[in-house]
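The lines below spell out each chain.
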Amino acid sequence: LVVGAGPSGLAAAVYGASEGLDVLVMESSAPGGQAGSSSKIENYLGFPMGVSGQELTSRAHTQAQKFGAELQVATGAARLVCADRKYAVETTSGVRVQARAVIVATGAKYRKLALPNLSQFEGTGVHYAATSMEAQVCGDAEVVIVGGANSAGQAAVFLARTCRKVHVLVRSQGLTSTMSRYLIRRIEDNPAIAVHPYTEVVELEGGDALECIKWRDNRNGRIEVHRISHVFVMTGATPNTRWLDGCVQLDANGFVKTGPDLTHEELTSASWPLPRAPYLLETSRPRVFAVGDARGGNVKRVASAVGEGSIAVALVHQALKA
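Throughout this document, residue positions are counted from 1 along each chain, in the order its sequence is written. Under the rules for a predicted model, residues below a pLDDT of 70 receive no local features and side-chain atom pairs below 80 are neither given nor counted, while totals for whole chains, interfaces and linings still include all residues. In computing side-chain properties, one takes all heavy atoms of the structure into account and sets aside hydrogens as well as water.

Caption draft 1: The arrangement of the packing of helix α1 (residues 7-18) against helix α2 (residues 53-66) in detail. Note on definitions: angles span 0 to 180 degrees between N-to-C directions of axes, and those axes are lines fitted to C-alpha atoms, for helices only across the stretch in contact. The helix count covers DSSP runs of H or I at least four residues long, the strand count covers runs of E at least two residues long, and both are numbered beginning at the N terminus. Put simply, α1 and α2 touch, their axes get as near as 9 Å, and they point 25 degrees apart. The angle between α1 and α2 falls in the class roughly parallel. Taken as a pair, α1 and α2 cross one another with a handedness that is left-handed. For the pair α1 and α2, contact is made by P7, L10, A13, V14 and A17 and by T57, A60, H61, Q63 and A64, respectively. Residue type decides the class: Asp, Glu, Lys and Arg count as charged, Ala, Val, Leu, Ile, Met, Phe, Trp, Tyr, Cys and Pro as nonpolar, and the leftover types, Gly among them, as polar. Counted by class, the contact of α1 with α2 contains 7 nonpolar, 3 polar and no charged residues. Working rule for angles: under 35 degrees goes down as roughly parallel, over 145 as roughly antiparallel, 65 to 115 as roughly perpendicular, anything else as oblique. By convention, the crossing between two helices is left-handed when the near helix turns anticlockwise from the far helix through less than a right angle, and right-handed when the turn is clockwise. Should any heavy atoms of two residues lie within 4.5 Å, those residues are counted as being in contact.

Here it is in structure tokens:
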């Protein structure tokens, strides 16, 4: 059972089904995860001209089905049943799905701005993805991107092709510690993109749609008012792992701990029953694995997520032989 249909979950489905395992993938929303909303992924191996996240994950979905994997959409996981060696995932509708092995690929959800009226403008000015649809809505207007990681950089470069001005707001001193160098170079070379360090949005104003943004320079406390009606929030994510609480070890931020990251004390506390140590992507429960953005220490790259999904299947084979 694979829970989550982002790049890591779809990779696990492709490799598991192609190698003879009976694979069921559960996905609470739509296949693709965060990668599916990326306008253009340019550093994924084999796509020198880039590929949209939607296209990449759509192909992966088709590929998984070709090999016989089943996919249940709009089926969320509410709880992992782990009282004995027979695992089951209880869905949000109350159905229990049993499996000999479980791969957790539930990813993470977007962090939101701490503004009281944020929800008023979600969908009418506040966006969490920068695709061709959002670019068409924005036209040649000025836009704001909040965040300093790769997703924010990709969105800035993409939107700068059509928007008059792209303002990138980061709370730190700049982009060097959080963004890939190739994206920083493109941002620096593009006169349509302006980076504002030590800056955060403090207020949103408007009626039925967003009309005005206020941001503050935290170095001097100065607040600027801008007639901008589109804000793209790219401030990272928190793991979708609450449904695992009480079953597997999580770190302080809620990410799943796996393999060598699990201490002897944590394994003892979890009553690890086997003489061997957990495999690389295995959790504190035998035959329960975690991959992608839900896993502690994950590398936030599509290629890494795909690699973890395929590695997890190899480890599932080893665990099932025991």
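Moving on from the coordinates now.
Caption draft 2: Representation of the side chain of E27 within the structure. Structurally, the position occupied by E27 is in strand β2 (residues 24-27). In terms of polar contacts, E27 uses its side chain to reach the backbone amide nitrogen of A5, at 2.7 Å. Excluding residues that lie within four positions of it along the chain, E27 makes contacts with G4, A5, G6, L71, Q72, V73, A74 and T75. Pairing of N or O atoms within 3.5 Å defines a polar contact, subject to two protein rules: one partner must be a possible hydrogen donor and the other a possible acceptor, and residues neighboring in sequence count only if both atoms are side-chain atoms.

Caption draft 3: Main features of the state of the cysteines. When the sulfur atoms of two cysteines come within 2.5 Å, that pair is taken as a disulfide. All told, the structure shown has 1 disulfide when counted by the stated rule. One disulfide in the model links C82 with C247; its S-S distance is 1.8 Å. Where C82 bonds to C247 through sulfur, the torsion about that S-S bond is close to -95 degrees, and the disulfide is left-handed. Residue C82 is located in the loop between β4 (77-81) and β5 (87-91), and its partner C247 is located in the loop between β17 (237-239) and α7 (264-269); the two are separated by 165 residues in the primary sequence. According to the relative accessible area criterion, C82 is buried, its value standing at 7%. Per-residue accessibility, obtained with a 1.4 Å probe over protein chains only, is compared with the maximum for each type, and a residue is labelled buried under 20%, exposed over 50%, and partly exposed between these values.

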